[in-house]
Amino acid sequence: MQLAEYFEDVVVLRAEEADSSMLQWRLYEQGRRSWSLDLGAGASWRDTLTQVLARARAHHAPGVLLLLPGAQDDRRFWRSQDHLIEHLDSREWDIVYLGHGLGGARVERDSLRAGLVHCDVPPGQVNAIAVRCGVLDRLGHAMPCTGADGPLAPDDWLVIACWLAQGLTAPGNGWAAWPPLLH
């Protein structure tokens, strides 16, 4: 099973000028519902998160995936992740860092099966996370609408979300995919 199948609702974070259509098309081809969260639109991204959460809760989804558009090109993310999904089903989690720079160049083989390692502090270079619905709801209210210089870039939004999520998750409920699914 792929992660996109497990979560059903996938949010692609993008800036107004960024093109996320290829990633959204790939998700659509696999029967997944994807949402484009336009961070350049200011406060309206909160409306999108509200819609995503309502749908995820109605379908009793465990959470929502948040991705940067670069996920379309990473082969490991699109492979079956049965081992990782077994880990998700067998432990409590609030946030899972799926794509990150933890370990960087040490992960060279595509054949490694991803599992979970405890990670209460966000790793660097996060580009994909899974968030429980309750945490995402609280996070949507805690996130700033814009940065000091205007709308937040997608990677900045995700970094801020990861750091704010620390205070919204139960101790011990932060995890990271190892090896990371996205680089």
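Parameters and conventions
- Residues numbered from 1 in each chain as written.
- Predicted model: local features only at pLDDT ≥ 70, side-chain atom pairs only at ≥ 80, totals over all residues.
- Heavy atoms only, no water.
- Patch = residues over 30% accessible without salt bridge, like charges linked within 9 Å, V, L, I, M, F, W, Y side chains within 5 Å.
- Areas by Shrake-Rupley, 256 points an atom, 1.4 Å probe, with all protein chains shown as cover.
- Salt bridge = Lys/Arg side-chain N within 4 Å of Asp/Glu carboxyl O.
- Lys, Arg positive; Asp, Glu negative; His and termini not counted.
- Charge placed at Lys NZ, Arg CZ, Asp CG, Glu CD.
- Helix = DSSP H or I, 4+ residues; strand = E, 2+ residues; numbered from the N terminus.
- Buried < 20%, exposed > 50% of the residue type's maximum accessible area, 1.4 Å probe, protein only.
- Core = buried A, V, L, I, M, F, W, Y, C linked by side-chain atoms within 4.5 Å.
- Contact = heavy atoms within 4.5 Å.

### Observations concerning a negative patch on the surface
Side chains of Glu-5, Asp-82, Glu-86 and Asp-89 sit close together on the surface and give a patch of like negative charge. Here the negative patch gets three residues from one element, more than from any other, and that element is helix 5 (residues 82–90). With respect to the element layout, Asp-89 can be found in helix 5. You can call Asp-89 exposed: its relative accessible area is 55%.

### Some words on the nonpolar core
Ranked by internal contacts, the top residues of the largest apolar core, which has 32 residues, are Ile-129 and Trp-157. For this core, the secondary structure elements donating two or more residues are strand 1 (9–14), strand 2 (33–38), helix 3 (44–58), strand 3 (63–67), strand 4 (95–99), strand 6 (128–132), helix 6 (133–142) and helix 7 (154–166). If we skip the residues at most four places from it in the chain, Ile-129 touches Val-64, Leu-65, Leu-66, Ile-95, Val-96, Tyr-97, Leu-98, Leu-158 and Cys-162.

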